[in-house]
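What follows is each chain in one-letter form.
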Amino acid sequence: MADNLEYEKACLGQGFGYIAGVDEVGRGPLAGPVTVCAVIMPLGEGQIIPEVTDSKKLSAKKREKLCALILERAVACNVVSLPPEYIDEVNILQATKEAMRRALSGLEVKPDIALIDAVDIETVCPVKPIIKGDLLSYSISCASIVAKVTRDKIMDDYALVYPQYAFEKNKGYGTAAHIAAIKEYGITPIHRRTFVKNFI
């Protein structure tokens, strides 16, 4: 899959050194946090992880394997999750942008430029938003995998606390079974009140 380096090569050609990829997971669910990963990957010959692509195109097992490789090789990586109450307070787009800013500013190595999936923000470095960036940019794909694996683990842990909602299966998304559980049992502290108001 390592033909998704066009944007990285363009940035390197323009003199940018450290290129961060940024992506979020969890904008749409009814429950749980929004999670953002910012990661700077090495881009030299032989350093690219060939199977990296958009996390949604990978099985959970494959994502976990690639996530471990990404974390092993990353120059710097930072993951930020913002909780449902913050999402309710500021709205999901603003929460996503804030998580992206925090993820980038918390990197141990300061990026020279950030490639971000479809979102534009003001942050510690110049930003290039890329539509379908999680598919088209290697760095964003890496970020999407780490963000997805991290958030899925958070939701798996919540599933143990609130077993009737099957968070281990739906990850907080509004499946028919999840909505039925909300109607039967009400909401939990990890539900986004602004998202579930139509179901309660």
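Check the entry above for the structure.
Rules behind the numbers
- All residue numbers here refer to positions counted from 1 along the written sequence of the relevant chain.
- In view of the model being predicted, local features appear only for residues whose pLDDT reaches at least 70, and side-chain atom pairs are presented and counted only at 80 or more, with totals across whole chains, interfaces and linings using the full set of residues.
- To obtain the side-chain values, all non-hydrogen atoms of the structure were used and water was disregarded.
- Axis angles are defined between N-to-C directions and span 0 to 180 degrees, where every axis is a line fitted to C-alpha atoms and, for a helix, only to the segment in contact.
- Put simply, DSSP H or I for four residues or longer makes a helix, DSSP E for two residues or longer makes a strand, and each gets a number counted from the N terminus.
- The hand of a helix crossing depends on one turn: near helix anticlockwise from the far one by less than a right angle means left-handed, and clockwise means right-handed.
- Throughout, a residue-residue contact means that at least one pair of heavy atoms, one from each residue, lies within 4.5 Å.
- Ten residue types, Ala, Val, Leu, Ile, Met, Phe, Trp, Tyr, Cys and Pro, are classed as nonpolar, four, Asp, Glu, Lys and Arg, as charged, and the remainder, Gly among them, as polar.
- Only one rule defines a salt bridge in this text: a Lys or Arg side-chain nitrogen within 4 Å of an Asp or Glu carboxyl oxygen.
- In this scheme, a residue with accessible area under 20% of its type's maximum is buried, one over 50% is exposed, and one in between is partly exposed, where area comes from a 1.4 Å probe on protein chains only.
- For two strands to count as paired, DSSP must find a minimum of two bridges between them.
- Both site types are read off a 1 Å grid over the protein atoms alone. A 1.4 Å probe that fits but cannot get out defines a cavity, while an open set with protein on both sides within 12 Å along at least five of seven lines defines a pocket; lining residues have an atom within 4 Å of a point.
- Grid points are joined across faces, edges and corners, and a volume is the space filled by probe spheres set on the points.
- N or O atoms closer than or at 3.5 Å make up a polar contact, with two conditions inside protein: a donor-capable atom paired with an acceptor-capable one, and, for residues adjacent in sequence, both atoms drawn from side chains.

A. Region of the structure containing the packing of helix H2 (residues 60-73) against helix H6 (residues 138-161). Running from N to C, H2 and H6 cross one another at 115 degrees; their axes reach a closest spacing of 9 Å. Pair H2 / H6 crosses with left-handed handedness. The segment H2 lies against H6, with Arg-63, Glu-64, Leu-66, Cys-67, Ile-70 and Leu-71 engaging Cys-142, Ile-145, Val-146, Lys-148, Val-149 and Asp-152. Taken together, the residues of the contact of H2 with H6 sort by class into eight nonpolar, no polar and four charged.

B. Structural context of the pattern of salt bridges. Overall, the coordinates contain nine salt bridges when judged by the stated rule. The salt bridge partner of Asp-54 is Lys-56, with a shortest N-O separation of 3.4 Å. In this structure Asp-54 comes out as buried when scored by relative accessible area, which is 6%. Residue classification places Lys-56 among the exposed positions, given a relative accessible area of 61%. Across the pair Arg-101 and Glu-98 runs a salt bridge, and its minimum N-O distance is 3.2 Å.

C. Inspection of the sheet that holds strand S4 (residues 113-117) at higher detail. Pairing is mixed across the open sheet formed by five strands, whose spatial order is S3-S2-S1-S4-S5. Of all the strands in the sheet, the pair left with one neighbour each is strand S3 (76-82) and strand S5 (127-130). Geometrically, the sheet is characterised by an average inter-axis angle of 20 degrees between neighbouring strands, direction not taken into account.

D. Structural context of the layout of surface pockets. Its boundaries defined by the atoms lining it, the largest pocket holds a volume of some 190 Å³. For the lining of the largest pocket, the secondary structure elements donating two or more residues are strand S1 (19-25) and H6. Grouping the amino acids of the lining of the largest pocket by side-chain chemistry returns three nonpolar, three polar and seven charged.

E. Summary view of the side chain of Ser-144. Considering the arrangement of structural elements, one finds Ser-144 in helix H6. Judged by relative accessible area, which is 3%, Ser-144 ranks as buried. Within polar-contact distance, the side chain of Ser-144 engages the backbone nitrogen of Ser-55 at 3.2 Å. Ignoring anything within four residues of it in the chain, the contact list for Ser-144 reads Asp-23, Thr-53, Asp-54, Ser-55 and Asp-134.

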